[in-house]
Every structure is written in C-alpha cells, then in structure tokens.
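Commentary on secondary and tertiary structure
One-letter residues, chain by chain:
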Amino acid sequence: MRNRGLSGKKTLITGAASGIGRATALAAARKGARLVLTDVNADGLDATVESIRSGGGIVEVAAALDISDYDAVTAFAEKVHDQLGALDVVMNIAGISTWGTVENLEHRHWKRMVDVNLMGPIHVIENFIPPMIEAKNGGALVNVSSAAGLLAFPWHAAYSASKFGLRGVSEVLRFDLKRHGIDVHLVVPGAVDTPLVQTVDIVGVDRDDPRIQAWIKRFRRHAKSPDEVAETILKGVEKGTYLIHTQFDIRFGYWWARKFAWPYEFVMQRANDLFTTFLPREKAIPANSTPE
C-alpha cells in the first residue's frame with residue numbers, strides 16, 4: 001500500500017465493541033478513517049459507534065454479527081460493497097479465548113476456538129480481499145494473532161491452534177498479496193488488559209482459587225492497555241511492518257525461537273514468485289509491481 005495513512009481510507013474492524021477492537025476503531029477514527037465496524041455484541045458495538053460519531057468520526061456501516069457464520073459475513077460484505085465498493089483496509093481483531101489441559105478440554109472448546117479465531121478471519125478474507133485485488137488500489141490486511149501464535153504457552157493448545165493457524169494464513173498471504181500492493185500485518189499481542197482477562201474460560205480450574213487470582217493480578221500489572229496496543233497496531237500499519245509486536249518480552253522470546261528470519265523470507269518470496277509464473281499470464285503480476 002503506497003499511502004499507508006488511514007485518513008479517508010475505508011477500514012473494516014471486527015471485534016469493535018470492546019478491548020483492542022474498540023480501541024483501534026476509536027484510534028482509526030481520530031486518524032480520519034471511514035469505518036466499517038462489526039462485533040457479535042450489538043450493545044457494545046452501538047456504544048462504539050456513538051462514541052466515534054459524537055467525536056466527529058465517520059462510521060459508514062456497522063452491523064452486529066458472528067464472524068464464525070459465513071453466510072452472515074457474506075451478506076454483510078455484499079451490503080458494504082454495494083454501499084462503498086472495495087475497502088482499503090481490513091482488520092481482523094475479533095477473538096475469544098479458552099485455556100485448559102488436553103484432558104479437560106472438550107470438543108466444543110477446540111471447535112469454538114477454530115470457528116471464531118481462525119475461520120472467522122478466513123470468512124472476512126474470503127469476502128473482502130478479492131474485491132480489493134480486483135479494484136487494483138492496493139490496501140492492507142491486519143490479522144491479530146497472539147503471542148500464543150508464536151510461542152508454546154502452557155494450557156494454550158486450543159487457543160494456539162487457532163492463533164498459529166491465523167499466523168500461517170498471514171505468512172502465506174504476506175507473499176501472495178504483495179504483487180497486488182496489499183500489505184499484510186500480523187499482530188502478536190502479549191498481555192493486554194481487556195475484558196477477556198476476566199472472562200477467559202479456564203477449563204477444569206476454579207477461577208476463584210487464590211493462586212489463579214494472584215496470577216490474573218500479576219498478568220494485569222504486566223499488561224498493556226487496549227489503547228496502547230491500538231496505537232502500536234496503527235503505527236505498524238503506517239510503517240508497513242509485517243510482524244507487529246506490542247511487548248518487548250514477546251519480541252525477544254520469538255527472536256530466540258527464530259534467529260534466521262531473513263533467509264527464510266527471501267526464499268519464501270522467491271518461491272512464491274516462481275509459483276506465480278504458473279498462473280495465466282493476465283494474473284501473473286510481478287511481486288515488485290505497484291497497482292495503478
């Protein structure tokens with residue numbers, strides 16, 4: 001995306017009713033974005049819309065829906081495209097969390113994590129990115145994964161299944177979409193003090209246990225605020241940064257896990273370019289080209 005500022009950009013943000021999604025919507029509005037907002041929480045979404053509009057911000061479209069429902073996302077996308085045409089920026093921020101050991105997790109926990117945290121963003125990508133490609137105006141795709149999408153935290157198997165998956169989608173699309181002038185950004189927050197901290201489902205554990213409460217308090221002392229994370233996300237988008245860290249400790253931990261990033265990225269881009277030569281000629285756009 002050549003002009004990475006958000007002013008005047010048609011920007012979709014999921015999860016806009018609370019936490020990082022709400023904070024990002026408010027911050028994007030202050031930068032002049034023309035917002036398209038959604039969340040499963042209708043009341044919270046209405047409050048976000050009211051806050052933005054009362055402050056002079058622009059909300060073009062807002063609708064409450066569950067992103068895990070493909071048909072609902074598709075109907076929403078049709079409405080948005082009929083009204084606004086192709087978007088400029090798509091931000092997948094909505095997500096939920098469940099922790100637990102494998103013997104305590106039930107099938108419904110695994111399925112819900114994947115349905116919301118992985119298939120939800122995929123539904124959004126399916127519906128909103130192809131029109132951006134067709135419009136040939138470039139743009140940006142922001143996927144909010146997690147530190148648990150980079151590192152193996154205890155009790156995070158189901159959550160990490162979804163967040164590692166979203167990271168994988170992002171890594172491939174980073175190279176696939178480059179030739180279309182669409183920047184891909186993978187956000188990997190560490191501790192963030194959102195309402196999710198108080199509602200996260202810890203399967204097989206009594207949340208009132210003093211030891212668990214002590215860990216929650218410790219987490220919150222270390223955590224960034226949603227406003228801080230939102231500002232970091234938007235700065236990363238404006239700079240064209242692929243991997244957007246919100247905390248130094250996660251950045252450092254991931255550095256240990258993956259020291260040789262540059263050779264990997266070089267080889268993956270060259271491999272992606274090679275595969276592109278197999279496409280029909282009109283679709284085989286060089287990776288270093290810029291949309292008209």
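Residues numbered from 1 in each chain as written. Predicted model: local features only at pLDDT ≥ 70, side-chain atom pairs only at ≥ 80, totals over all residues. Heavy atoms only, no water.

Remarks on the overall build of the chain
Of the regular secondary structure elements, the chain holds 10 helices and nine strands. Within the chain, buried positions represent 48% of all 292 residues. The long-range fraction of contacts in the chain, counting pairs at least 24 apart against all pairs at least 6 apart in sequence, stands at 72%. Summed over all atoms, the accessible surface of the chain reaches about 14,400 Å², with 56% contributed by carbon and sulfur. (Helix = DSSP H or I, 4+ residues; strand = E, 2+ residues; numbered from the N terminus. Buried < 20%, exposed > 50% of the residue type's maximum accessible area, 1.4 Å probe, protein only. Contact = heavy atoms within 4.5 Å. Areas by Shrake-Rupley, 256 points an atom, 1.4 Å probe, with all protein chains shown as cover.)

Notes on the pairing of strand S6 (residues 139–144)
Among the six residues that make up S6, six are buried, leaving the element largely enclosed by the rest of the structure. Side chains of S6 alternate between two faces, with Gly139, Leu141 and Asn143 and Ala140, Val142 and Val144 buried alike. Taken together, the four bridges between strand S4 (residues 89–92) and S6 define a ladder with parallel strand orientation. Looking at the pairing, Val90 lines up with Leu141 of S6. (Pairing = 2+ DSSP bridges.)

Digging into the environment of Glu231
Structurally, Glu231 is set in helix H8 (residues 226–239). Looking at Glu231, the relative accessible area reads 29%, which means it is partly exposed. Ignoring any residue separated from it by four or fewer positions in sequence, one finds Glu231 in contact with Ala27 and Arg30. Polar side-chain contacts of Glu231 include one of 3.5 Å to the side chain of Arg30. (Polar contact = N/O pair within 3.5 Å; in protein donor to acceptor, adjacent residues only side chain to side chain.)

Thoughts on the nonpolar core
In terms of nonpolar packing, the biggest core is built from 32 residues, with Ile13, Ala28, Leu35, Leu37, Ile52, Met91 and Ile233 touching the most fellow members. Tallying contributions element by element places helix H1 (residues 19–30) first for this core, with seven residues. In this structure Ala28 touches Leu6, Ile13, Ala33, Leu35 and Leu234, once residues within four positions along its chain are discounted. Formed by 29 residues, the second largest nonpolar core is a distinct cluster that contains Val36, Val80, Ala94 and Met132. (Core = buried A, V, L, I, M, F, W, Y, C linked by side-chain atoms within 4.5 Å.)

Brief notes about the pattern of salt bridges
Following the criterion strictly, the structure yields 10 salt bridges and no others. One salt bridge in this structure joins Arg30 and Glu231, with 3.5 Å as the shortest N-O distance. Of this pair, Arg30 sits in helix H1 while Glu231 sits in helix H8, placing them 201 residues apart in sequence. Classification of Arg30 as exposed rests on a relative accessible area of 60%. Between Arg112 and Asp66 there is a salt bridge whose closest N-O contact spans 3.5 Å. Here the residue Arg112 occupies a position in helix H4 (residues 107–135), and Asp66 occupies one in the loop between strand S3 (58–64) and helix H3 (70–84), the gap between them amounting to 46 residues. Look at Arg112 and you get partly exposed, because its relative accessible area is 36%. The class of Asp66 is partly exposed, set by a relative accessible area of 24%. Among the ionic contacts, a cluster of salt bridges with common partners joins Arg179, Arg270 and Asp273. (Salt bridge = Lys/Arg side-chain N within 4 Å of Asp/Glu carboxyl O.)

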